[in-house]
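Each chain is listed here by its residues.
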Amino acid sequence: MTQELTLNAIKTVGFIGTGNMGSPMVRQLQAAGYSLLIYDADREKCAALATEPNIDVADDPGQIGSQADVVITMLPTSKIVGDVILGVN
């Protein structure tokens, strides 16, 4: 049995990587009405976004994976993406 995920079914978007490209994307998703759970290794970048409504900061990427309906990564290299997905420190 396949479960179809539609845009209307997405309540929480997980977003990993809130730097130069990620921050504007987070703001666009928030403006579109989505609740966001965000994470960045640079905690200050998350703190700046967390002052906005419906944006919460995750303690780690695993929290995003377990609590978000979809996860978006905006990271600088494929190695970093792999490390985040596999939980490599």
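Relevant structure appears above.
Just so it is clear, the model here is predicted, and its values are computed rather than measured.

Student: In this structure, what is going on with the pairing of strand 1 (residues 12-16)? I would like to understand it.
Tutor: The side chains of a regular strand alternate between both faces of the sheet. Strand 1 sits mainly inside the fold: 4 of its 5 residues count as buried. Examined bridge by bridge, strand 1 and strand 2 (residues 35-39) share 5 bridges and lie parallel to one another. Its bridge partner lying in strand 2, G14 is registered against L37. Following the chain from strand 1 across helix 1 (residues 22-31) to the adjacent parallel strand 2, one finds a crossover that is right-handed.

Student: Is there a simple way to explain helix 1 in this structure?
Tutor: Because an α-helix completes one turn every 3.6 residues, residues spaced three or four positions apart along the sequence face the same direction. Here helix 1 has its buried residues at G22, S23, V26, L29 and Q30. Projection of helix 1 onto a plane perpendicular to its axis shows the buried side chains occupying an angular sector of 125 degrees, all on one side. Facing away from the buried side of helix 1, by more than 90 degrees, are the exposed residues Q28 and A31. Of the surrounding secondary structure, the elements contacted by the buried residues of helix 1 are strand 1, strand 2, helix 2 (43-49), strand 3 (55-57) and strand 4 (70-73).

Student: Whenever I open this one, the sheet that holds strand 4 confuses me. Can you help?
Tutor: Two modes of strand pairing occur in sheets, parallel and antiparallel, and in both the strands are linked by backbone hydrogen bonds. Ordered by their spatial adjacency, 4 strands build an open sheet running 3-2-1-4, and the pairing between neighbours is parallel. Looking at the sheet topology across the chains shown, the edges are occupied by strand 3 and strand 4. The sheet shows a mean angle of 25 degrees between the axes of neighbouring strands, direction not considered. Most of the contacts of helix 1 go to strand 1, to which it runs at about 175 degrees, and overall it touches strand 1, strand 2, strand 3 and strand 4.

Student: Which parts of the structure should I look at to understand the nonpolar core?
Tutor: Counting residues in each nonpolar core, the largest one holds 11 residues, listed as I10, V13, F15, V26, L29, Y34, L36, I38, C46, L49 and I55. When contributions to this core are tallied by element, the ones reaching two or more residues are strand 1, helix 1, strand 2 and helix 2. Excluding residues within four positions of it along the chain, F15 makes contact with G22, M25, V26, L29, L36, L37, I38, Y39, I64, I72 and M74. Within the second largest apolar cluster, 6 residues are counted, among which are I16, L37, Y39 and A58.

About the cut-offs
Residues numbered from 1 in each chain as written. Predicted model: local features only at pLDDT ≥ 70, side-chain atom pairs only at ≥ 80, totals over all residues. Heavy atoms only, no water. Buried < 20%, exposed > 50% of the residue type's maximum accessible area, 1.4 Å probe, protein only. Helix = DSSP H or I, 4+ residues; strand = E, 2+ residues; numbered from the N terminus. Pairing = 2+ DSSP bridges. Right-handed = clockwise from strand over helix to strand, strands pointing away. Arc of directions from axis to C-beta. Contact = heavy atoms within 4.5 Å. Axes fitted to C-alpha atoms, helices over the stretch in contact; angles between N-to-C directions. Core = buried A, V, L, I, M, F, W, Y, C linked by side-chain atoms within 4.5 Å.

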